Amino acid sequence: GAVVSQHPSRVICKSGTSVKIECRSLDFQATTMFWYRQFPKQSLMLMATSNEGSKATYEQGVEKDKFLINHASLTLSTLTVTSAHPEDSSFYICSAIRGPSHNEQFFGPGTRLTVL
Amino acid sequence: QQQVKQSPQSLIVQKGGISIINCAYENTAFDYFPWYQQFPGKGPALLIAIRPDVSEKKEGRFTISFNKSAKQFSLHIMDSQPGDSATYFCAATYTGNQFYFGTGTSLTVIP
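So, here is what we can say about the structure in this document.

### Side note on the nonpolar core
Next, step 1: Formed by 27 residues in total, the largest nonpolar core has its most connected members in Phe 67, Leu 79 and Leu 113 of chain A.
Next, step 2: For this core, the secondary structure elements donating two or more residues are strand 2 (10-13), strand 3 (19-25), strand 4 (30-38), strand 5 (44-51), strand 7 (67-73), strand 8 (76-81), strand 9 (90-98) and strand 11 (111-115) of chain A.
Next, step 3: Counting 25 residues, the second largest nonpolar core, distinct from the first, contains Leu 47, Phe 73, Ala 92 and Val 109 of chain B.

Structure (structure tokens):
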């Protein structure tokens, strides 16, 4: 299977600071990357869809000014949580689609964000 | 509206038994149905997937059964092992633009 890395795996920050999470597809080019948020014992909640070279598409209810997404290349997307608050504490997971002829979605290992 | 409905929410199976997780969907445009396995604190991993032109796909101990007319698909884990204890998510998509996930099934395999 394809490999998607995510960095950092764990981050603890103070309220009001910004945190950047990187998502990389290591052995394939990803035309599309997704960012998810997952609460304990719940399913994945799609936050935004990121396409290389274009603006991300955010799901309803997700603040685009708070969760900045940049898809700089076919192998890298970043999520920046700006002015983080304790309620932003969560498990953030990225995924990459191996395309364009495939529908296969490969997930990163996730980032545990804790905002104090 | 839940595009993909998954059951059961939790499942306990004896070692060596068969684990069965079911999913149902509404949108007939879906053309790709993957299953993901997730261990605590980790990202989901693609386990097995099927397209609607086949009724069954088997990979090792894992089998997907697909019923297009009933709009249902299921995951069967044969000879379940304690190492299979995880949360399983079904999903559906068309064109890969967005994936719709089930609510997850927490599987516990008892030794």
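### Remarks on the packing of aromatic side chains
Residues and elements named next belong to chain B.
Next, step 1: In the structure shown here, the tally under the stated rule is 20 aromatic pairs over all chains.
Next, step 2: For the ring pair Tyr 36 and Phe 101, a centre distance of 5.8 Å and an interplane angle of 45° mean the geometry is tilted. With Tyr 36 in strand 4 (residues 33-38) and Phe 101 in strand 10 (residues 99-101), this pair connects stretches of sequence that are 65 residues apart.
Next, step 3: On the basis of relative accessible area, Tyr 36 is assigned to the buried category, the value being 0%.
Next, step 4: According to the relative accessible area criterion, Phe 101 is buried, its value standing at 9%.
Next, step 5: Ring pairing ties together the aromatic residues Tyr 25, Phe 30, Phe 33, Trp 35, Phe 66, Phe 73, Tyr 94 and Tyr 100, which thus form one cluster.

### Focus on the pattern of salt bridges
Think of it this way: side chains of opposite charge can pair up when their charged atoms draw near.
Residue and element names in this part refer to chain B.
Next, step 1: Per the counting criterion, the structure on display carries six salt bridges over all chains.
Next, step 2: Between Lys 71 and Glu 26 there is a salt bridge, and its shortest N-O distance comes to 3.6 Å. One end of the pair, Lys 71, is in the loop between strand 7 (62-67) and strand 8 (72-77); the other, Glu 26, is in the loop between strand 3 (19-25) and strand 4, and 45 residues separate them in sequence.

### Focus on the pairing of strand 2 of chain A
All names here are of chain A.
Next, step 1: Where burial is concerned, the two faces of strand 2 differ: the one with Val 11 and Cys 13 is buried and the one with Arg 10 and Ile 12 is not.
Next, step 2: Note: strand 2 against strand 11, four bridges, orientation parallel. In the sheet register, Ile 12 faces strand 11, and the bridge partner there is Thr 114.

### Side note on the interface of chain A and chain B
Interface size is commonly expressed as the accessible surface area that is lost when the partners come together.
Next, step 1: At the junction of the two partners, chain A supplies 19 residues and chain B supplies 20 residues.
Next, step 2: Of the roughly 1,500 Å² buried between chain A and chain B on both sides combined, carbon and sulfur atoms contribute 56%.
Next, step 3: For the pair chain A and chain B, the interface holds zero salt bridges.
Next, step 4: Taken together, the links from chain A to chain B amount to four residue pairs in polar contact (both at pLDDT 80 or more).
Next, step 5: Elements supplying a minimum of two residues to the side of chain A that touches chain B: strand 4, strand 5, strand 9 and strand 10 (105-107) of chain A.
Next, step 6: A per-class count over the side of chain A that touches chain B returns ten nonpolar, seven polar and two charged.

### Brief notes about the side chain of Asp 88 of chain A
Next, step 1: With respect to the secondary-structure elements, Asp 88 of chain A resides in the loop between strand 8 and strand 9.
Next, step 2: Ignoring sequence-local partners within four residues, the contact set of Asp 88 of chain A consists of Arg 37, Lys 66, Phe 67, Val 81, Ser 83, Leu 113 and Val 115 of chain A.

### Overview of the state of the cysteines
By definition, a disulfide links the sulfur atoms of two cysteine residues through a covalent bond.
Next, step 1: Scanning all chains against the criterion turns up two disulfides over all chains.
Next, step 2: Across a sulfur-sulfur distance of 2.0 Å, Cys 23 of chain A and Cys 94 of chain A are joined as a disulfide pair. Judged by the sign of its S-S torsion, about 80°, the bond between Cys 23 of chain A and Cys 94 of chain A is right-handed. Placement of Cys 23 of chain A in strand 3 and of Cys 94 of chain A in strand 9 is noted, with a sequence separation of 71 residues between them. The residues Cys 23 of chain A and Cys 94 of chain A share a single accessibility class, namely buried.
Next, step 3: The residue that forms a disulfide with Cys 23 of chain B is Cys 90 of chain B, at a sulfur-sulfur distance of 1.9 Å. In this structure, the disulfide formed by Cys 23 of chain B and Cys 90 of chain B twists by about -95° around the S-S bond and is classed as left-handed. On the criterion of sequence distance, the pair formed by Cys 23 of chain B in strand 3 and Cys 90 of chain B in strand 9 (residues 86-93) is long-range, its members being 67 residues apart.

### Some points on the environment of Gly 108 of chain A
Next, step 1: Inspection of the secondary structure assignment puts Gly 108 of chain A in the loop between strand 10 and strand 11.
Next, step 2: Along the chain, Gly 108 of chain A and Ser 95 of chain A lie 13 residues apart, while their C-alpha atoms are 5.7 Å from each other.
Next, step 3: Among all residues touching Gly 108 of chain A, those that are not within four sequence positions of it are Val 4, Gln 6, Ile 93 and Cys 94 of chain A together with Gly 43 of chain B.

### Description of the sheet that holds strand 8 of chain A
Residue and element names in this part refer to chain A.
Next, step 1: The four strands are arranged 1-3-8-7 in an open sheet whose pairing can be described as antiparallel. This sheet does not close on itself; its edge strands, each paired only once, are strand 1 (4-7) and strand 7. Mean inter-strand twist for the sheet, computed between neighbouring axes without regard to direction, equals 15°.
Next, step 2: Where strand 1 lies against strand 3, four bridges are found, and the strand directions are antiparallel. Bridging across to strand 3, Gln 6 finds its partner in Cys 23.

The rules behind these values
- Residues numbered from 1 in each chain as written.
- Chains lettered and ligands numbered in written order.
- Predicted model: local features only at pLDDT ≥ 70, side-chain atom pairs only at ≥ 80, totals over all residues.
- Heavy atoms only, no water.
- Core = buried A, V, L, I, M, F, W, Y, C linked by side-chain atoms within 4.5 Å.
- Buried < 20%, exposed > 50% of the residue type's maximum accessible area, 1.4 Å probe, protein only.
- Helix = DSSP H or I, 4+ residues; strand = E, 2+ residues; numbered from the N terminus.
- Phe/Tyr/Trp six-rings, centres within 6.5 Å; stacked < 30°, edge-to-face > 60°.
- Salt bridge = Lys/Arg side-chain N within 4 Å of Asp/Glu carboxyl O.
- Pairing = 2+ DSSP bridges.
- Contact = heavy atoms within 4.5 Å.
- Buried area = accessible area lost by both parts, 1.4 Å probe.
- Polar contact = N/O pair within 3.5 Å; in protein donor to acceptor, adjacent residues only side chain to side chain.
- Nonpolar A, V, L, I, M, F, W, Y, C, P; charged D, E, K, R; others polar.
- Disulfide = S-S within 2.5 Å.
- Axes fitted to C-alpha atoms, helices over the stretch in contact; angles between N-to-C directions.

Any functional reading would require information beyond the geometric quantities listed.
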